[in-house]
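The residues making up each chain are set out below.
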Amino acid sequence: MKGMSVLFDEDALVLGIETSCDETSAAVVRGGKTIMSNVIASQVDLHAKYGGVVPEVASRKHVEAIIPAVDTALHQAGVSLAELAGIAVTYGPGLVGGLLVGVSAAKAIAFGGQVPLVGVNHIEGHIYANFLEHPELKAPLICLTVSGGHTDLLYIPAFGAYELLGRTRDDAAGEAFDKVARVMGLGYPGGPQIDRLARDGNPRAVELPRALSQEETFDFSFSGLKTAVLNYIHRERQSRKDGPLPEELLADLAASFQAAVVEVLSARTIEAAKEKRVRTVVMSGGVAANSLLRQEMSGAGAREGIAVYYPSLVLCTDNAAMIACAGYYRFRRGDRASWSLNAEPDLRL
Amino acid sequence: MAGVQVVAGDAREVIEWGRRLGKELEAGDVICLFGELGSGKTTFSQGIAAGLGVAGPVTSPTFALIKVYQGRLPFYHADLYRLEDPAQLEDLGLEEFIYGDGVFVVEWAGRLGKYAPVDFLEVRFEYLPDPQNGRQIALLPHGRRYRELVGKLEGEARDADHRD
């Protein structure tokens, strides 16, 4: 294969493909840091080009969206298939239908264009979102990945090596945000809605539990917190004979809920950094976009002499640029996928 | 038989009822869970998993839609919460799990639509009004296999009543 001789230097162009959940995304990244294009198929530009909203969830929609997304990514980057040094694709964890579409498309494009292929773990991609904007980052690191489907606290002693310190025992942090927002009558996704509403609320107004605070663990649990919020809403509605809840009460509840989630996330993450004697913390995933989490984590880090990094908003949620970036570093380490690369819905780091 | 109703005071008791059910389950059993957000469906499922001898954490399937575990039988844990459009069900390949070699537990089972099997165990979760804050769990059998299953749990439900 011609591509085998390609050197992954700082000009190397990598096409990333990400279809593990609801977004169909393709991106071109130069040298693991310069984003040439980052097309996310639930975004407006693609809707405009291909007419109509690209629906979520169904893998069939990934099928429809993947080739236009790749074409658009190459076009926006001004790059031809022949100029690519490699193709990186998410092969897990995620929804099997979506992953299969991405992996199949990546294999077909790589085979047709004689371009090397590498498989990327979705969580690893989220971590590398930080390297796109901070290429100077160096291991060892502590990484908190928080999204609708994941709440993982990782120790990264060296590039490509991961030790899972803790994870959620029930609901993911982002899932708790979404479900609480739903019951409060806010829109989807719930994270940004609660973030906004919480600004007008008192975070100490409603007393809510901090799960596992008695245990020596880096695990998380948000189910009890979610239930406590729901119980509170039920009680308040009952006392108002099912009438609407006042805006101040909702703002106080949003602020109190958000504070409870953020307190646990930042306390455990900083504690993990101290225990592992690591001076750098990175955050990733959709919940890393939460303004209070960014503020609290940075503040707690500063008090302990720990630097805290998080990606810009668009790179917090699912996107292919982070996959291209992680793929670039995998290629540099000599990693290559074979044509038998398959989707692995339960892939671990 | 109309079914069995039990009251669980807290999450631990919800898990305990799930565990009791899980111990009695056989390959091919389908358990459909109904109830509002936060009413105990995932917690109950964690109990079923424990009763099936699944080791390791059983986490919410909301994001992944379906999760597969191995206990003394395969444990398929599905959640249709995110599927508001029934057409999206077609891409999930649910038949493989519903008519599979394990136990199929599905949250937000009202969204199964045409995939709902004829025979299954219906489990309904309801908030108890303040100040109890517990959950009422109703086990309603559909079909002979599930009438037998509920019959086995009926004794335990009576014992729990007497303890109160």
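For clarity, every value in this text was computed on a predicted model and none was experimentally measured.

**Section: the overall build of chain A**
Then, in step 1: Of regular secondary structure, chain A possesses 11 helices and 10 strands.
Then, in step 2: Compactness check: chain A gives a C-alpha radius of gyration of 21 Å against a globular reference of 20 Å for 349 residues, within 12% of the reference.
Then, in step 3: Projected onto its principal axes, the C-alpha coordinates of chain A cover approximately 70 × 50 × 30 Å.
Then, in step 4: Within chain A, the proportion of its 349 residues that are buried is 59%.
Then, in step 5: Of the contacts made within chain A by residues no fewer than 6 positions apart, 74% connect residues no fewer than 24 positions apart.

**What to know about the environment of Val115(A)**
Residue and element names in this part refer to chain A.
Then, in step 1: In this structure, Val-115 sits in the loop between helix H3 (96–113) and strand E5 (117–121).
Then, in step 2: The exposure class of Val-115 is buried, given its relative accessible area of 1%.
Then, in step 3: Once the C-alpha coordinates of Val-115 and Leu-81 are considered, the two residues, 34 residues apart in sequence, prove to be 8.3 Å apart.

**A look at the domain arrangement of chain A**
Residues and elements named next belong to chain A.
Then, in step 1: According to the domain assignment, chain A consists of domain 1 (13–129 + 316–332) and domain 2 (139–311).
Then, in step 2: Domain 1 puts 10 residues into the contact, and the matching count from domain 2 is 16 residues.
Then, in step 3: Between domain 1 and domain 2, the buried area comes to about 1,000 Å², and carbon and sulfur atoms account for 72% of it.
Then, in step 4: Together, Ile-123, Ile-127 and Cys-316 form the three largest contributors to the area buried by domain 1 at its contact with domain 2, with a combined 54%.
Then, in step 5: For the interface between domain 1 and domain 2, the tally reads 0 salt bridges.
Then, in step 6: Summed over the shared surface of domain 1 and domain 2, the result is 3 residue pairs in polar contact (both at pLDDT 80 or more).
Then, in step 7: Broken down by element, the side of domain 1 that touches domain 2 gets its largest block of residues, 7 residues, from helix H4 (residues 122–133).

**Examining the state of the cysteines**
Then, in step 1: Applying the stated rule across the entire model yields 0 disulfides over all chains.
Then, in step 2: The thiol sulfur of Cys325(A) is not disulfide-bonded, and the nearest other cysteine sulfur, from Cys143(A), lies at 13 Å.

**Details of the environment of Ala176(A)**
Residue and element names in this part refer to chain A.
Then, in step 1: By secondary structure assignment, the location of Ala-176 is in helix H5 (residues 173–183).
Then, in step 2: With a relative accessible area of 0%, Ala-176 lands in the buried category.
Then, in step 3: On a C-alpha basis, the gap between Ala-176 and Gly-148 in space is 8.0 Å, while along the polypeptide they are 28 residues apart.
Then, in step 4: Contacts of Ala-176, omitting those with residues within four sequence positions, involve Phe-222 and Phe-257.

**A word on the interface of chain A and chain B**
Then, in step 1: Across the contact, 28 residues belong to chain A and 26 residues belong to chain B.
Then, in step 2: Summing the contributions of chain A and of chain B, the shared interface buries around 2,300 Å²; its carbon and sulfur component is 52%.
Then, in step 3: Summed over the shared surface of chain A and chain B, the result is 1 salt bridge.
Then, in step 4: Close ionic contact of Arg82(B) with Asp22(A) constitutes a salt bridge, the shortest N to O distance being 3.0 Å.
Then, in step 5: In this assembly, chain A and chain B are joined by 6 residue pairs in polar contact (both at pLDDT 80 or more).
Then, in step 6: Each residue belonging to the side of chain A that touches chain B can be placed in one class, and the counts come to 6 nonpolar, 10 polar and 12 charged.

**Re the packing of H5(A) against helix H8 (residues 247–275) of chain A**
Residues and elements named next belong to chain A.
Then, in step 1: It is at 11 Å that the axes of H5 and H8 come closest, and there the two elements cross at 175 degrees. One way to sum up the angle between H5 and H8 is to call them roughly antiparallel. Contacts between H5 and H8 pair Ala-173, Ala-176, Phe-177 and Val-180 from the former with Phe-257, Gln-258, Val-261 and Leu-265 from the latter.
Then, in step 2: Grouping the constituent residues of the contact of H5 with H8 by class yields 7 nonpolar, 1 polar and no charged.

Definitions and limits used
Residues numbered from 1 in each chain as written. Chains lettered and ligands numbered in written order. Predicted model: local features only at pLDDT ≥ 70, side-chain atom pairs only at ≥ 80, totals over all residues. Heavy atoms only, no water. Helix = DSSP H or I, 4+ residues; strand = E, 2+ residues; numbered from the N terminus. Rg over C-alpha atoms; globule rule 2.2 N^0.38 Å. Buried < 20%, exposed > 50% of the residue type's maximum accessible area, 1.4 Å probe, protein only. Contact = heavy atoms within 4.5 Å. Domains from an automatic or database assignment. Buried area = accessible area lost by both parts, 1.4 Å probe. Salt bridge = Lys/Arg side-chain N within 4 Å of Asp/Glu carboxyl O. Polar contact = N/O pair within 3.5 Å; in protein donor to acceptor, adjacent residues only side chain to side chain. Disulfide = S-S within 2.5 Å. Nonpolar A, V, L, I, M, F, W, Y, C, P; charged D, E, K, R; others polar. Axes fitted to C-alpha atoms, helices over the stretch in contact; angles between N-to-C directions. Parallel < 35°, antiparallel > 145°, perpendicular 65-115°, else oblique.

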